[in-house]
Amino acid sequence: MKHRAHGKNFVGGRREAWGYLYGGGLVILGLLLLISSPAAMAQDRYPVPWDKVEKETLEHFQNLIRINTSNPPGNETPAAEYVQRALEREGIYGTFLALDPKRANLVARIRGNGSKRPILVMGHTDVVGVQKEQWSVAPFAAVRKDGYIWGRGTLDDKHDVTAGLMLMLLLKRQGVKLDRDVILLCEVGEEGYNQEGLRHVMDKYWEQIDAEFALAEGGGGLIKGGKVEFVGVATTEKYRWRIQLSAKGRGGHGSQPTPDSAVVKIANAVSKIGAWVPEMKLSETTRTYFERLAEISPPAEAARYRAILDPAKRAEVEKYFAQEEPRHNSMIRTTLAPTVLKAGFRDNVIPSEAEAIIDIRALPEEDMAKFRKMLEDVIADPSIEIKPILGRDKAPASKLNTEMWAGLEKTQKRLYPGAVVLPMMLTGASDLSPLRSKGVQAYGIGPLMLEEDIKGGVGAHADNERILEKSLHDYVRFMWHAVLEVAASK
Ligand SMILES: [Zn+2]
């Protein structure tokens, strides 16, 4: 609602500005100078015939959706070949980097003058599988219907592959003078362990993707009541630390229990972990997130998001989040979720061992050595063994004061005035954190979605996954503007 008012103000404001311009010849002269001088915005110096580009975007996107790259097994090479051919037709030569020939990553680069470090644009070519019978259209046909393009990969992540491809073609066609190299990486295996994908490229060919900034999936915008409310940009994500707890005890006959039962010990430990609420902590990202979310939320929600920032008022909201908004609860603290319990094999035998798996999602700033000590104190049973079984890519958050961040904000203001950029912490894991762990300032972006589609669950990995056609084209435009903002020579 607030945004509708904003929109009106914007139009009114423009009219006033025109009046002012007509009133002063000097101002007009200044404006003309600005347009003709090299200081004019790069986007104005390189005008794009968007009607033509939209047709082309749609064709590439549909062709890529029609290449079934369900992972497992992936078989992404035909998608990489498709992109490579499209680039090659216009003189951009990509390279395959493959651990497995059926699963080729593709990297391509357009050179700048080298005065600044490169920007990496990344999309993954694999998709998750489908349950065909749950779909109302063929999932790999890229059907156009009701203003959407339907199909597996339309929101995850072939729009990124397509936008990256269009970006490279446009940079080349328009002969954009660049301060930075622009690198496109179409990676494989993102929907799995990714040994063949980003990890392989990082291990073996780091110099080919080394960049100051990266853009990839992870964010996205919201359209509510016909207005763009926010453009979400992922700047950080939680650190996955999975542990196994094991207890040993005297086993024996179920008719003669002993006091040191492994099952009872594990059950006690799990119940203490379940009751533990680690301390709430805010970071630059989450603080800004709640501040800006308050700006665009209805009064009751806005009050809550402001209260979470206020140490005197936040206790109530913390409780509310824990009950009603688990995603927000997970954004303000390290969480621990017991996920697997294992003990026993016969109803009348006391087992001598019991195990539990705890899925821990730590705040990226959490000191894990200290956290482990706190966990031991919470369990308060030295006989329980704690064994880490997964933990990787602990990475610092990408900053909100970089040239790329400013470029994203400028792009939002230009394309969606009245909205805000929301910095986001993902509670799950993405391929940006390995890049962040190497010092890349990496930002997750994404297409705009209607509120009803987000609530209706037609998003990534869902049956009937689909993207608004307009959102696909807007996304290509967003990426073009954002990349030009930071990479084009002034
Ligand atoms: Zn994805």
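Data block above holds the structure.
What this report covers is the structure whose coordinates are included nearby. (Residues numbered from 1 in each chain as written. Predicted model: local features only at pLDDT ≥ 70, side-chain atom pairs only at ≥ 80, totals over all residues. Heavy atoms only, no water.)

1. Looking at the sheet that holds strand S19 (residues 466-468)
Spatially, the three strands line up as an open sheet ordered S4-S5-S19, and their pairing is antiparallel. Looking at which strands have only one partner, the edges of the open sheet turn out to be strand S4 (144-145) and S19. Relative to S19, strand S5 (residues 148-150) is paired through three bridges, and the arrangement is antiparallel. Counted as the bridge partner of Trp150 is Arg466 from S19. This element, helix H17 (residues 469-487), spans S4, S5 and S19 of the sheet and lies at about 70° to S19. (Pairing = 2+ DSSP bridges. Helix = DSSP H or I, 4+ residues; strand = E, 2+ residues; numbered from the N terminus. Contact = heavy atoms within 4.5 Å. Axes fitted to C-alpha atoms, helices over the stretch in contact; angles between N-to-C directions.)

2. Considerations on the coordination of the zinc ion
Protein coordination at the zinc ion comes from His124 (NE2), Asp156 (OD), Glu217 (OE) and Glu217 (OE), with a distance range of 1.9 to 2.4 Å. In this structure, the zinc ion is surrounded by four donor atoms whose angles at the metal cover 56 to 147°, and the resulting shape is irregular. Within one chain, the residues donating to the zinc ion are spaced in sequence as H-x31-D-x60-E. With Asp156 in the loop between S5 and helix H6 (158-173) and Glu217 in the loop between strand S7 (213-216) and strand S8 (220-224), this residue pair connects regions lying 61 residues apart in the sequence. For Asp156, a relative accessible area of 6% translates into the label buried. When its relative accessible area of 16% is taken as the criterion, Glu217 is described as buried. (Donors = N, O, S within 2.8 Å, 3.2 Å for Na, K, Ca; no water. Tetrahedral: all angles 85-135°; square planar, octahedral: opposite > 155°, others 65-115°. Buried < 20%, exposed > 50% of the residue type's maximum accessible area, 1.4 Å probe, protein only.)

3. Thoughts on the sheet that holds strand S15 (residues 385-391)
Judged by pairing direction, the sheet is antiparallel, and its four strands sit side by side in the order S12-S14-S10-S15 without closing on themselves. The open sheet terminates on both sides in strands that have one partner only, identified here as strand S12 (335-343) and S15. Pairwise comparison of adjacent strand axes, ignoring direction, gives a mean angle of 20° for this sheet. Of the pairings in the sheet, the one linking S12 to strand S14 (residues 353-362) comprises eight bridges and is antiparallel in character. Note on S14: the bridge partner recorded for Leu336 is Ile360. Most of the contacts of helix H8 (residues 262-275) go to strand S10 (residues 239-248), to which it runs at about 150°, and overall it touches S10, S12 and S14. Docked against the sheet, helix H13 (residues 368-379) engages S10, S12, S14 and S15, running at close to 35° with respect to S10.

4. With respect to the pairing of S8
A large share of S8 lies buried, amounting to four of its five residues. Here S8 pairs with strand S9 (residues 227-237) via five bridges, running antiparallel. Residue pairing in the sheet places Gly221 in a bridge with Val231 of S9. With antiparallel pairing between neighbouring strands as the criterion, S8 and S9 make up a hairpin whose turn holds two residues, including Gly225 at a positive phi of roughly 55°. Relative to strand S18 (residues 448-450), S8 runs parallel, the two sharing three bridges.

5. Observations concerning the side chain of Arg180
Structurally, Arg180 can be placed in the loop between H6 and strand S6 (182-187). Within the structure, the side chain of Arg180 is placed 2.7 Å from the backbone oxygen of Arg117, a separation counted as a polar contact. Here the side chain of Arg180 touches Glu212 through a polar contact of 2.8 Å, side chain to side chain. The contacts of Arg180, once residues within four sequence positions are left out, are Ile110, Gly112, Lys116, Arg117, Pro118, Ile119, Glu212, Phe213, Glu403, Val486 and Ala487. (Polar contact = N/O pair within 3.5 Å; in protein donor to acceptor, adjacent residues only side chain to side chain.)

6. Quick notes on the environment of Pro49
Topologically, Pro49 is positioned in the loop between helix H3 (42-45) and helix H4 (50-66). Residue classification places Pro49 among the partly exposed positions, given a relative accessible area of 42%. Sequence separation of Pro49 and Leu170 is 121 residues, and the distance between their C-alpha atoms is 10.0 Å.

7. Details of the packing of aromatic side chains
The description of an aromatic ring pair rests on the distance of the ring centres and on the angle between the ring planes. Applying the stated criterion to the full structure yields nine aromatic pairs. On the basis of an interplanar angle of 80° and a centroid distance of 6.5 Å, the ring pair of Trp241 and Phe371 is categorised as edge-to-face. With a gap of 130 residues between them, Trp241 in strand S10 and Phe371 in helix H13 connect regions that are remote in the sequence. Each member of the pair, Trp241 as well as Phe371, carries the same accessibility label: buried. Every member of this aromatic cluster is reached through a ring pair, and the members are Tyr289, Phe290, Tyr305 and Phe321. The ring of Tyr239 has Lys394 lying over it, and the distance from NZ or CZ to the ring centre is 5.9 Å. When the ring centre of Trp206 is taken as origin, the NZ or CZ atom of Lys438, which lies over that ring, is 4.6 Å away. (Phe/Tyr/Trp six-rings, centres within 6.5 Å; stacked < 30°, edge-to-face > 60°. Lys NZ or Arg CZ within 6 Å of the ring centre and 35° of its normal.)

8. Focus: helix H11 (residues 314-324)
Of all the residues in H11, the buried ones are Val317, Glu318 and Phe321. The buried side chains of H11 occupy one side of the element, clustering within an arc of 105° when seen end-on. Exposed residues pointing more than 90 degrees away from the buried face of H11 are listed as Glu316, Lys319, Gln323 and Glu324. Lining the buried residues of H11 we find helix H9 (284-296), helix H10 (299-307) and helix H12 (326-332). (Arc of directions from axis to C-beta.)

9. Quick word on the pattern of salt bridges
Considering all chains together, one arrives at 33 salt bridges under this definition. The residue Glu196 makes a salt bridge to Arg103 at a minimum N-O spacing of 3.5 Å. Note that Glu196 is positioned in the loop between S6 and helix H7 (198-209) and Arg103 in the loop between strand S1 (95-98) and strand S2 (104-110), a separation of 93 residues in sequence. Look at Arg103 and you get buried, because its relative accessible area is 8%. The closest approach of N and O atoms between Lys373 and Asp377, which form a salt bridge, is 3.0 Å. Separated by four residues within a single helix, Lys373 and Asp377 lie in helix H13, roughly one turn from each other. In this structure, a network of salt bridges that share partners links the residues Glu54, Lys470, Asp474 and Arg477. (Salt bridge = Lys/Arg side-chain N within 4 Å of Asp/Glu carboxyl O.)

10. Notes on unusual backbone geometry
Here Asn71 and Pro72 are connected by a cis peptide whose omega angle stands at 0°. With respect to the secondary-structure elements, Pro72 resides in the loop between H4 and helix H5 (77-88). For the bond running from Asp156 to Asp157, omega is 15°, close enough to zero to count as cis. Looking at the element boundaries, Asp157 is found in the loop between S5 and H6. The backbone of Asn75 sits at a positive phi, close to 45°, despite the residue not being glycine. With respect to the helices and strands, Asn75 occurs in the loop between H4 and H5. With relative accessibility at 31%, the residue Asn75 sits in the partly exposed group. With a phi close to 55°, Asp146 is a non-glycine residue in the positive phi region. Here Asp146 is to be found in the loop between S4 and S5. Accessibility expressed as a relative area gives 59% for Asp146, which makes it exposed.

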